[in-house]
Amino acid sequence: MSFWQILFIGLLQGATELFPVSSLGHAVILPSLLHWSYRQSDPSFVPFLVLLHLGTAGALLILYRRDWVQIVTGFVRASLRGRLETEQERLAFLLVVGTIPTGALGAFAESYLKSLFAYPRIAAAFLVLNGFLLLGAELLRRRDERHARLEGRARPEQEAHYGEVPRLSFRAALLVGLCQALALFPGISRSGVTIAGGLLAGLRHQEAARFSFLLATPIIGAAGVLEVPSLFAPGIPLGQYLLGAVLAALAAYASARFLVRYFRSGRLDPYGIYCVALGAVALLLLR
Amino acid sequence: MVGALIVLAIIFAILAVLYLVGALQIFTSTGTGTHSRHALVLGVLALLSLIAANFVRPKSQLTS
């Protein structure tokens, strides 16, 4: 990869990671559409992507730093006590339950999943599927709003009918965690499917996005930390990769702040339509 | 329930050690060598099983 390609992918990954449009799908599809010559199946490509993810995780840690201090201390306290007493302790264990499926699947199916990165058409097909998942989640939410007689009311009023993260059941957290595991396939958006899962679990959009971003941090961070040793292999432009990661972190921070505001009243529909459109165009062009 | 979770933790811990020393090669990409990532995940699952056992164990009713 050239220097500018590294910077472009870094910015793209950071900007798209938290938007429900699959950063991994974009990082696999766009270079093929632009006829860039580097191979996505190259052993240095996944560590590069993971380093970008590490930048994103860092941005999320900074954004939710107060939450994370309380989550970590809450986890330790509740683990030793053997009982949940505060909302932050409950949130810590909801995150643990939601992280297990992706952690286990990511570790044990890693080699198979990495092999999919070599096929942009597969990523494009999953991107289309991702779009339909987002649209489907919103369809179900609208149906629920009709049943609750919220149709036609102002969006903040509709959203107020739904719950906040600490009210989430552990079964629902597991459902969101299983949704997150789907995002190991390139083209399926981690934030998209976890926000969709949160909506199905009865969270308001903004809370679903917050839970999605909190859930992302340990899994993205752990994946990044585990791949770091492979970055020191000979021939890997570490300085340029790190610059890409910094750009990814800045873009991710800005994206997260935007999305938290957007989901006060916004829905997943525009992202769903975008994913279906881009995936379909990519399927047509990548022959 | 507590006993089952402790047994589960022991199983996870044993599997973690087997992956770490390279004696277990199921679900690995190379088929040889040690697999620290698998061992780490199983180690975390063992720890979480112990924490879950601590949650479900009967608590003594302390009065002040």
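Participant: Can you walk me through the packing of helix 1 (residues 3-17) of chain A against helix 2 (residues 23-33) of chain A in this structure?
Facilitator: Helix packing geometry: the angle between the two helix axes and the distance between the axes. Residue and element names in this part refer to chain A. Running from N to C, helix 1 and helix 2 cross one another at 145°; their axes reach a closest spacing of 8 Å. For the pair helix 1 and helix 2, the sense of crossing is right-handed. Only Ser23, His26, Ala27 and Leu30 of helix 2 make contact with helix 1, whose side of the interface consists of Ile9, Leu12, Gln13, Thr16 and Glu17. Per-class residue counts for the contact of helix 1 with helix 2 are four nonpolar, four polar and one charged.

Participant: Before we go on, may I ask you to explain the environment of A:Gly239 in this structure?
Facilitator: Secondary-structure assignment places A:Gly239 in helix 12 (residues 238-262). Considered as a pair, A:Gly239 and A:Arg149 are 90 residues apart in the sequence and their alpha carbons are 56 Å apart.

Participant: I keep staring at helix 10 (residues 190-200) of chain A and nothing clicks. Help me out?
Facilitator: Counting along an α-helix, one turn takes 3.6 residues, and residues three or four places apart therefore face a common direction. Residues and elements named next belong to chain A. Buried residues dominate helix 10, accounting for 10 of its 11 residues. For helix 10, the set of buried residues is Arg190, Ser191, Gly192, Val193, Thr194, Ile195, Ala196, Gly197, Gly198 and Leu199. Close packing links the buried residues of helix 10 with helix 7 (120-147), helix 9 (170-182), helix 11 (205-227) and helix 13 (269-285). Of the residues one or two after helix 10, Gly202 is the one with positive phi, at around 95°.

Participant: How should the packing of helix 5 (residues 87-108) of chain A against helix 11 of chain A be read in this particular structure?
Facilitator: Residue and element names in this part refer to chain A. Packing of helix 5 against helix 11 leaves a shortest axis separation of 9 Å and a crossing angle of 35°. The hand of the helix 5/helix 11 crossing is right-handed. Residue-level inspection shows Leu95, Gly98, Thr99, Thr102, Gly103 and Gly106 of helix 5 in contact with helix 11, the latter providing Leu214, Leu215, Pro218, Ile219 and Ala223. Taken together, the residues that form the contact of helix 5 with helix 11 break down as six nonpolar, five polar and no charged.

Participant: What exactly am I supposed to notice about the nonpolar core here?
Facilitator: Looking at soluble globular proteins, one finds that nonpolar side chains tend to be buried together. Formed by 95 residues in total, the largest nonpolar core has its most connected members in A:Leu95, A:Leu127, A:Val176, A:Ala196, A:Leu203, A:Ala252 and B:Leu42. Of the residues forming this core, the biggest block, 11 residues, is contributed by helix 11 of chain A. Once you skip the residues sitting within four places of it in the chain, A:Leu127 turns out to touch A:Ser22, A:Gly25, A:Ile29, A:Gly187, A:Cys275, A:Leu278, A:Gly279 and A:Ala282.

Participant: Where do I start with the interface of chain B and chain A in this structure?
Facilitator: The extent of an interface is frequently quoted as the accessible surface area lost upon association of the parts. Contact residues are listed per partner, giving 11 residues for chain B and 11 residues for chain A. Its residues placed into classes, the side of chain B that touches chain A shows five nonpolar, three polar and three charged.

Participant: Is there a simple way to explain helix 2 (residues 36-56) of chain B in this structure?
Facilitator: Over its 21 residues, helix 2 of chain B extends 30 Å from the first C-alpha to the last, a length consistent with the 30 Å expected when each residue adds 1.5 Å. Those residues of helix 2 of chain B not exposed but buried are B:His38, B:Ala39, B:Val41, B:Leu42, B:Leu45, B:Ala46, B:Leu48, B:Ser49 and B:Ala52. At its buried positions, helix 2 of chain B is contacted by helix 5 of chain A together with helix 1 (2-21) of chain B.

What counts, and at which threshold
Residues numbered from 1 in each chain as written. Chains lettered and ligands numbered in written order. Predicted model: local features only at pLDDT ≥ 70, side-chain atom pairs only at ≥ 80, totals over all residues. Axes fitted to C-alpha atoms, helices over the stretch in contact; angles between N-to-C directions. Helix = DSSP H or I, 4+ residues; strand = E, 2+ residues; numbered from the N terminus. Left-handed = near helix turned anticlockwise from the far one by under 90°. Contact = placed C-beta atoms within 7 Å. Nonpolar A, V, L, I, M, F, W, Y, C, P; charged D, E, K, R; others polar. Buried ≥ 20, exposed ≤ 12 C-beta atoms within 10 Å, placed from the backbone. Core = buried A, V, L, I, M, F, W, Y, C linked by C-beta atoms within 7 Å. Expected span 1.5 Å × (residues − 1).

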